[in-house]
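# What the coordinates show
Residue-level listing of the chains:
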Amino acid sequence: MIRALLNNTVLSNLVFVLVLIIGAMSYNLMPRQKDPTINFNWIIIVTALPGASAEDIEMRVTQPLEDALRKLNDVNFVSSTSRVGLSNILVRFRDLDERQFDKRVTDLRREVQSKRNELPADIVEPIILEITSANAFPAATLVLKGQADDEILRSEAYQLKRELERIKGIDRVDTAGLQDPEVQVLLDMGLLASAGIHPATVSDVIASQWQDLAAGKLTVSNEQWLVRHLGQSPSPEDLAQLWIPQAGGELRLETLAQVERRRQDPTQLVMYEEQPAVMMSVMKEGNANTLVLIETLEAFIDQYNPTIAPRGLALVLADDQTESTRRAIDIMQTNAIQGLLFVGLVSWLFLGWRIGVLVALAIPFSLMGVFILLNLQGETVNLTVLLGVIIALGMLVDVAVVMVEAMHQRMGQGEAAIDAAIGAMGEVGWPIFAAVLTTIAAFLPLILLPGILGDFMRIVPTVVTFALIFSLIQAFWMLPSQMHALHALPTQKRISRRERILRRLRNLYGRVLIKSFRHPWVTLVCLIGSFTLAIGLFVTDRISRDFFAADTLSVFYINVEMPSGSTLRQTLNATLDVEVHARAGMEPEEIRSLVSYAGQMFTETEPLLGDNYGQIFVSLTSRHLGGRSADDIIEGLRESVQLHAPAASKITLLKLSDGPPSSMPISIKVRGDEYGLIQAAVDDLTAILQGIPGVVDITSDASPGTQQLVTRLNLPAIARAGLDARSVTRTLRLLTDGEVVAQLNDRGESVDLRVRSQQTSTEDIEAWLSTRIATPSGQSVPLSELLNLEVKTGFASLRHYNFSRAITLEADLDRSQLDTLQANQRIQSAWLEYQDRHPGISLDFSGELDDIQESLNALAILFVLGVGLMYLILGAQFKSYFQPFIILLTIPMAFTGVAYGLWFSQNPLSLYTLYGLVALSGIAVNSAIVLIAAANSRYNDGMSVIYSIVYAARRRMVPILITAATTMAGLMGLALGLGGKSLIFGPVATAIVWGISVSTLLTLFTIPLMYKLTRRDRPR
């Protein structure tokens, strides 16, 4: 059966070509994106109650919803923010599979719906959003700018949003600066009082008359008619003609109020290049092709701008992920091509060009097979897929190298290619299979890595596993068949020259190995000494630690926080002032776009909303086009913008990084019952942070309180005036935000009808309170007589963490001075001196520290699991309890190499490096497996222990060197950054390259020595 399969070269070649063609087509069809699409298991619940204070939102909206959420299972944490007019709740579930997560989301929706009757009747229905890597950050940011902040800009922005949402690949479009349209009835309170008409009466009359009604069916002469009442009209002039009853007759609404088509009060204001604008954040669908989507948007913009230019409008692509995505993928693809070339070069040097080509064919065959399977699974081409490809590159020829070397040995003795292949399978087949299984055993458990890091890197072990399986198929079937077809024996002259060099190398190695046997303690001391030195590099902090080391994106935010109570326009003016200084701190060619806005502030976890929040979105040109790096620009701006900050404002900078999202390095939840006590603890913690070198951009989500006018009903006065309590409270609403009494649909757009006073702002609160209200007797009374008043400072926002009141204190780090673990340890130590001063206060250290601890614990468990699986495989292969321990000794050898590599290259120890170390454990043992298997074969044939191991070591030295060199060569481009550097994946490649190089060197001497010391000759 095997012989017939190997003899059928037509079949093998057709399968080979078919895999290449379908694989290439699959690769071209797979969507391109920078990062894999992962579900963060985050759910955001947004509920609006216009005009409500933070205290009212907390009590009437947030707490009832939190009570419902307490019943959910598998919740990691719940964080909520209650601010003026808005409740925002973030629910993060534990790591769940897709089916279980969908079930939990359904449970959440059901629990929220069950609380609907307990919530205020006038809330905006809760919005439940699921956050993924695709919709957490916009694929593109568009800005529609105009000559004025008017209806032309607003209406065009609304239509543009609808057009964009119809484009294939777009999930949603989030807008800033787009206000909804309204028809507003602006009451003249003085005229109403003079006419003896209560404001609530006007509101009720409008609500009853300005409505459409489907009255029902009517039978007329045996024919069925439908009766419709039409009372609504989008025209303010029609509404102004309504009759309002009064004691002496009726008055037209236009005599008591102004009726106008307006926009709702702005919640955000946006400026772009000194012009009013609407900013649109385009979120793509999960597996949409980022590059194709941006090309579609660019073509849309080119066609759209000529149509709106006559109205003074222009649509601008302020930022997109095309450049970063294309550059990141190009870096990985370039490194992959370089790795392929390096592997081919190594194969040629050791095996000659004909055999080298046949061996190297394992790479395209295996990779195309991988892309076929990935395309069938619906995966995309992204950085982690390409990382798996690069890691697998060098390993793909390992099986072929060992196989072809064994075949060459037999073919050199005169055997035919097929006979040599079958004989080689019998000799090295099981050791090769065991080596591949141990590599898979190290990689596959990484699929179980929890958290966002696990989700982000999960495809890597899948790619490596698929590639290794295809490499087995190529080595055991394609390679022998192709060698048989080509009669691939090099000429005698070429063999002699190469064999002469290799023979000298084997002889030299054999002599050195025998000398090491005579002085075993020298070898052991070198092994222990090198390992001890590696440990010392970590203990003495010669190797820096940056667990979430990542490349900084070419976008960042400048945050502007104004004092509480600032108006939206004041915040925007302050933000524009900061923008001027930011522009001065950058070169024109470094700036792609700057967009300033007020009313919201994006953070790493949730947007902050409020009139006192401003932000500048900064998009940079690519560094390779002449600009400085984002890190350099941020550091240059940090001091200058803070130095020129507007009075009473707080300026911070927020940079964004590649890789999976993480919280700030320092993120402390200060929990307690009273906000005053919590704030006192936050003040002490802030002082601690300010005293630690390397801690920068300290921020707190505690906002200063806003002035509040608290009213209570004066029931005796209300009774004397002949009024009722509800009419008085409705008057308060009409004097401020007003009442929405009806809605209509105008050309597909929902339009609210709002009734409110003409005067919604005042310079004197006493004058506002003196507004007179008509009574049933025809008289009027000032509003202040009907109310008991109190002025106090309220809260701008109220925060909960796991259902307790909390304030979150966050800070960033200068990684050159200290890392996340060191910083948090110093804070915890310093807090011990303050702890007794703050009874009832608890600290919850999370942020990066949470993710680091979760990942470290999981990596340790998965490492042990991988080593256990490798021991199981090796024990079954060698039928020994002890020999697997000798082979697993290569793992600490590899660790030694990793330490030296990080120290020499000045790369930090990161979670990605540790990920590479776990994966390396499966690669490092392969050489030892082949070596021990060859020694056991000779020993079982009757040779002595020393002859067995020396013969096996000399026999396997060349395959060991070739496999090590090809694996290193595949990763060399990425490790050295020849095709472009990556702070995420470069250290992973560096760790594997150095780990293999050192472990291979030590394997060639330590493993034979351990074999000799632990095995005894048979008695004669």
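Analysis parameters
Residues numbered from 1 in each chain as written. Predicted model: local features only at pLDDT ≥ 70, side-chain atom pairs only at ≥ 80, totals over all residues. Heavy atoms only, no water. Patch = residues over 30% accessible without salt bridge, like charges linked within 9 Å, V, L, I, M, F, W, Y side chains within 5 Å. Areas by Shrake-Rupley, 256 points an atom, 1.4 Å probe, with all protein chains shown as cover. Salt bridge = Lys/Arg side-chain N within 4 Å of Asp/Glu carboxyl O. Lys, Arg positive; Asp, Glu negative; His and termini not counted. Charge placed at Lys NZ, Arg CZ, Asp CG, Glu CD. Helix = DSSP H or I, 4+ residues; strand = E, 2+ residues; numbered from the N terminus. Pairing = 2+ DSSP bridges. Axes fitted to C-alpha atoms, helices over the stretch in contact; angles between N-to-C directions. Contact = heavy atoms within 4.5 Å. Domains from an automatic or database assignment. Buried < 20%, exposed > 50% of the residue type's maximum accessible area, 1.4 Å probe, protein only. Core = buried A, V, L, I, M, F, W, Y, C linked by side-chain atoms within 4.5 Å. pLDDT = per-residue confidence, 0-100. Parallel < 35°, antiparallel > 145°, perpendicular 65-115°, else oblique. Left-handed = near helix turned anticlockwise from the far one by under 90°. Nonpolar A, V, L, I, M, F, W, Y, C, P; charged D, E, K, R; others polar. 1 Å grid on protein atoms, 1.4 Å probe; cavity = no way out; pocket = protein on both sides within 12 Å on 5 of 7 lines; lining within 4 Å. Points joined across faces, edges and corners; volume = space filled by probe spheres on them.

### Digging into a positive patch on the surface
- Taken together, the side chains of Arg497, Arg500, Arg503 and Arg504 make up a positively charged region of the molecular surface.
- With respect to the helices, strands and loops of the structure, arginine 500 is situated in helix α18 (residues 492-518).

### Digging into the sheet that holds strand β7 (residues 181-187)
- Strand order in the open sheet made by the 4 strands is β12-β7-β24-β23, with mixed pairing throughout. Of all strands in the sheet, those with a lone pairing partner are β12 (257-263) and β23 (739-746), marking the two edges. The average angle at which neighbouring strand axes cross in this sheet is 20 degrees, direction not considered.
- Sheet topology places β7 next to β12; 7 bridges connect them, and they run antiparallel. Among the inter-strand pairings, leucine 187 is bridged to a residue of β12, identified as alanine 257.
- The strands that helix α24 (residues 725-735) touches are β23 and β24 (749-757); relative to β24, the one it contacts most, it runs at about 115 degrees.

### Notes on the domain arrangement of the protein
- According to the domain assignment, the protein contains domain 1 (1-30 + 352-487), domain 2 (182-220 + 229-261 + 723-772) and domain 3 (499-550 + 847-1019).
- When each unit is reduced to the centre of its C-alpha atoms, the spacing between domain 2 and domain 3 is 81 Å.

### Some details on unusual backbone geometry
- Phi at asparagine 802 takes a positive value of approximately 50 degrees, unusual for a residue other than glycine.
- Take asparagine 802: it is sitting in the loop between β28 (797-801) and β29 (804-813).
- In the Ramachandran plot, phenylalanine 803 falls in the positive-phi region, its phi being about 75 degrees despite a non-glycine side chain.
- Relative to the helices and strands, phenylalanine 803 is located in the loop between β28 and β29.
- Judged by relative accessible area, which is 24%, phenylalanine 803 ranks as partly exposed.

### Describing the environment of threonine 1006
- Structurally, threonine 1006 can be placed in helix α32 (residues 986-1014).
- Residues threonine 1006 and leucine 889 lie 117 residues apart in sequence; the distance between their C-alpha atoms is 8.9 Å.
- Beyond its immediate chain neighbours, meaning those up to four positions away, threonine 1006 contacts Thr523, Leu527, Leu889 and Met893.

### With respect to the nonpolar core
- In this structure, Phe371, Ile391, Met403 and Met457 are the most contacted members of the largest nonpolar core, which totals 165 residues.
- Of all the elements, helix α30 (residues 911-940) adds the most residues to this core, at 19 residues.
- Residues from two domains meet in this core; each of domain 1 (1-30 + 352-487) and domain 3 (499-550 + 847-1019) gives at least three.
- Apart from residues no more than four positions distant in its own chain, phenylalanine 371 is found in contact with Gly23, Ser26, Tyr27, Met30, Val385 and Val389.
- Ala195, Leu242, Ile718 and Ala721 belong to the second largest nonpolar core, which has 39 residues in total.

### Quick look at the confidence of the model for the protein
- In this model, the protein carries a mean pLDDT of 84, and residues with pLDDT of at least 70 account for 95%.
- Strand β13 (residues 269-272) holds the highest mean pLDDT among the elements of the protein, 94, whereas helix α10 (residues 322-351) holds the lowest, 74.
- Overall, residues 489-495 carries pLDDT values under 50, and its contacts beyond four positions in sequence, including any with other chains, amount to 6 contacts.

### A look at the pattern of salt bridges
- Under the definition given, this model contains 27 salt bridges.
- Of the charged contacts in the structure, one is a salt bridge between arginine 104 and aspartate 74, with a shortest N-O distance of 2.8 Å. Of this pair, arginine 104 sits in helix α4 (residues 98-114) while aspartate 74 sits in the loop between α3 (54-69) and β2 (75-83), and the two are 30 residues apart along the sequence.
- The class of aspartate 74 is partly exposed, set by a relative accessible area of 23%.

### Section: the packing of helix α19 (residues 520-539) against α32
- Where α19 contacts α32, the two axes come as close as 10 Å, and the packing angle between them is 125 degrees. Considered as vectors, α19 and α32 are oriented oblique to each other. At the point where α19 passes α32, the crossing takes the left-handed sense. Residue-level inspection shows Pro520, Thr523, Leu524, Leu527 and Ser530 of α19 in contact with α32, the latter providing Leu1002, Phe1005, Thr1006, Leu1009, Met1010 and Leu1013.
- The class makeup of the residues in the contact of α19 with α32 is 8 nonpolar, 3 polar and no charged.

### Some details on empty space enclosed by the protein
- Taken as a whole and assessed by the stated rule, the structure comprises 4 cavities of 30 Å³ or more.
- By volume, the largest cavity amounts to about 280 Å³.
- For the lining of the largest cavity, the elements supplying multiple residues, two or more each, are α14 (398-411), α15 (417-443), α30, α31 (945-976) and α32.

### Re the packing of helix α22 (residues 675-690) against helix α26 (residues 820-831)
- Between α22 and α26, the least distance of the axes is 10 Å, while the angle of their chain directions is 125 degrees. When the axis of α22 is compared with that of α26, the two are oblique. Seen along the crossing, α22 lies across α26 with a hand that is right-handed. Seen from α22, the contacting residues are Ala681, Asp684, Leu685, Ile688 and Leu689; seen from α26, they are Ile827, Ala830 and Trp831.
- Here the contact of α22 with α26 is built from residues that sort into 7 nonpolar, no polar and 1 charged.

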